[in-house]
Structure formats: C-alpha cells, structure tokens
Amino acid sequence: MAKRFDDKVVVVTGGSEGIGLATAKLFAAEGARVYVTGRRADKLDAAVREIGHGAVGVSGDAANPGDLDRLYARIQAEQGRVDVLFANAGTASADAKPLGLIDEADFDQIFNLNVRGLLFSVQKALPLMSAGGAIVLNGSVAGVKGFPGQSLYNASKAAVRSFARSWTADLKDRQIRVNVVAPGGTETRLMRDYLEARPGVEDALRQLIPAGRLGEPDEVGRAVLFLASPESSYIAGVELFVDGGSVAV
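Rules and cut-offs
- Chains are numbered independently. Their residues run from 1 in the order of the written sequence.
- Local features are withheld for residues below a pLDDT of 70 in this predicted model, meaning they are given only at 70 or higher, and side-chain atom pairs are given and counted only at 80 or more; totals for whole chains, interfaces and linings count all residues.
- Think of the side-chain values as coming from all heavy atoms in the structure, minus any hydrogens and water.
- UniProt positions are given in the numbering used here, feature names are shortened, and annotations may be inferred rather than shown by experiment.
- Here, strands pair whenever DSSP counts at least two bridges between them.
- In this text, helices come from DSSP runs of H or I with a minimum length of four residues, and strands from runs of E with a minimum of two, each type numbered from the N-terminal end.
- To define axes, lines are fitted to C-alpha atoms, for helices over the stretch in contact only, and angles between the resulting N-to-C directions are given on a 0 to 180 degree scale.
- Residue burial is assigned from relative accessible area. The probe radius is 1.4 Å, only protein chains are included, and a residue is buried under 20% of its type maximum, exposed over 50%, and partly exposed in between.
- Whether a crossover is right-handed comes down to one check: with the strands pointing away from the viewer, does the path from the first strand over the helix to the second run clockwise; if it does, it is right-handed.
- Here is the rule: rings of Phe, Tyr and Trp (six-membered ring for Trp) pair when centre to centre is within 6.5 Å. Planes less than 30 degrees apart are stacked, more than 60 are edge-to-face, and the remainder are tilted.
- Small angles under 35 degrees read as roughly parallel and large ones over 145 as roughly antiparallel, with 65 to 115 read as roughly perpendicular and the rest as oblique.
- In a left-handed crossing the near helix is turned counterclockwise from the far helix by less than a right angle, and in a right-handed crossing that turn is clockwise.
- Residues are treated as being in contact if the distance between any of their heavy atoms lies within 4.5 Å.
- Under the convention adopted here, Pro, Cys and the residues Ala, Val, Leu, Ile, Met, Phe, Trp and Tyr are nonpolar, Asp, Glu, Lys and Arg are charged, and Gly plus all remaining residues are polar.

The name an unreviewed UniProt entry gives the protein is NAD(P)-dependent dehydrogenase (Short-subunit alcohol dehydrogenase family), with Herbaspirillum frisingense as the organism. In the Sequence similarities (unreviewed entry) part of its UniProt record, the protein is described as follows: "Belongs to the short-chain dehydrogenases/reductases (SDR) family."

Across the sheet, 7 strands lie side by side as β3-β2-β1-β4-β5-β6-β7; this open sheet has parallel pairing. Looking along the sheet, the strands with just one partner apiece sit at the ends: β3 (56–59) and β7 (239–242). Neighbour-to-neighbour, the strand axes of the sheet open up by a mean angle of 20 degrees, direction not taken into account. Across 4 bridges, the pairing between strand β1 (residues 9–12) and strand β2 (residues 33–38) is parallel.

Before going further, it helps to examine the pairing of β2. The side chains of a regular strand alternate between both faces of the sheet. Counting buried positions along β2 gives 5 out of 6 residues, so the element sits mostly inside the fold. The β-α-β motif built from β1, the intervening helix α1 (residues 18–29) and the parallel element β2 has right-handed crossover chirality. Where β2 lies against β3, 4 bridges are found, and the strand directions are parallel. Within β3, the position partnered with T37 by the bridge is V58.

Under the criterion given, the structure shown has 3 aromatic pairs. Consider the rings of F5 and F27, whose centres lie 4.9 Å apart with planes at 80 degrees: the pair is edge-to-face. Here F27 lies in helix α1 and F5 lies in the segment before β1, a separation of 22 residues in the sequence. Exposure remark for F27: the relative accessible area of 0% places this residue in the buried category. On the basis of an interplanar angle of 10 degrees and a centroid distance of 4.4 Å, the ring pair of F163 and W167 is categorised as stacked. Taken as a pair, F163 and W167 lie in helix α5 (residues 151–170) at a separation of 4 residues, close to a single helical turn. Residue W167 is classed as buried on the basis of its relative accessible area, which comes to 12%.

Turning next to the environment of Y194. Tracing the sequence through the fold places Y194 in helix α6 (residues 189–196). Assessed through its relative accessible area of 31%, Y194 is described here as partly exposed.

Where α1 contacts helix α8 (residues 217–228), the axes come no closer than 8 Å and their chain directions differ by 55 degrees. As the angle between them shows, α1 and α8 are arranged oblique. Handedness of the α1/α8 crossing: right-handed. On α8, the residues that touch G18, I19, A22, T23, L26 and F27 of α1 are P217, D218, V220, G221, R222, V224, L225 and A228.

This part covers the packing of α1 against helix α2 (residues 41–51). The contact between α1 and α2 brings their axes to 9 Å, and the two run at 35 degrees. Note that α1 runs across α2; the crossing there is right-handed. Contacts between α1 and α2 involve L21, A24, K25 and A28 on the former and, on the latter, A47, E50 and I51. In terms of residue class, the contact of α1 with α2 is made up of 5 nonpolar, no polar and 2 charged.

Here's what the structure looks like:
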C-alpha cells in the first residue's frame, strides 16, 4: 500500500529526542526520506538508529545560521528538494523568572533558538521547498497563556503562531502551507525533569487538563503528520492544539 509520505523529503529540526524524534519516526514509517538535526552527536546518532528507514542525521544548532546552511547544502546535494519541514527545535528556561529578574542572557537563550532559529530554519529551506510543500512550526499552549515566570517562553511561542499567519500570506503563491502544532504538557525528558524537580506541580497540571493526563510525543507527532499531509490540503495558517483540551475548556 502507498504511504502518505512515500519518497517525500522531510526535515525535522531538533529531532534527536522528544517530540522531534517521535515525529521523525512516524514520517519515516510512512515512507519519507527523513533528515534530522541535533546539537549532540551521540544523541543524534542514537536517534538515527531508532528512526531507521535510511534516516540521516546532520549535527548542528538550529540557532546557528552556518549549521543551517550546512544542513540544506547537504540536502541539496543528496535530494535536490525539501517537501516538508517540521521546525521543531526549541528550548525553555529551566528556572521561572518573573519580570524584574530577567537578564539579557535569559532573553538570548530563548529567542535565539525559539524565534531567530526557527525563522532562519524556514527561510533557508525555501529555495529547496517544492510547490505544494508543507511547513509545520512547533508552538505551544504557552503562546496563548500567561504562565507565571515564563514570559520569555510564552512570548517566543506567541511569535511562532504569528509567523504562521504572515508566512501563509507570504507563501500562498507558491502553494506552500504553513501551520502550527501547539502541544500542551507532553511526556518528554525535559518535561519529566521539570516536574520531578517541583513536587506537586504534576498533580496540579493534570487537574487543568480535561483529558486528565500528559500527552505522549506520538500524539503530537500524528498531528504534525496530518498538517503536513494532503489530508489537510485546505488547512493553512492554523494553530492546532494537542493539549487534552486544556486551552479550549
């Protein structure tokens, strides 16, 4: 049987763990030629083995323009095009910092990757993007919430959502669709580390989620594949919450 992404060239930034890795595995299982990036070579190598299906790992930092150039130069040489980009690489602050305690290093840490890195991950891919291609940006429920002490992260994810609106208009003549997947609390290593360092927070979080639990990376990944596939051919510029109902209810 034909698969949704047979022979499609798919790029997943930040694909060595968590949502990025889960999504890359789903794309590969659906026939895609997957390229994943990550900053740590050992974790990236392990991810490539886990993804299988001929996946390729390209070590680099999505916040580094030179690393992005190297990624796309390799794809140009090996494939000549990009059909789908999942701009997933991002970060969050380990410590809550309310307004009044934020310094320049905090700002740079969040915005260099979540905003600047995401922008150039997309822009540098455009010369390779096929007409009718799809771009999915990884946002967050934080983009529409006011979580205390997380104003930088919240604002960075609001910027991601805004990008999707503007880029949908910018790319309409090329028939390239741009959408956002916005996860809620998801069972990743980073989330688990955060919760274990803060007793009681997980129980409080679960009470805010109508589904009563954290999401799984695969559940976010399946939403990404939907937004990247022909099944969503008339969907553009949207923010799809994968959050167990926490924003809507």
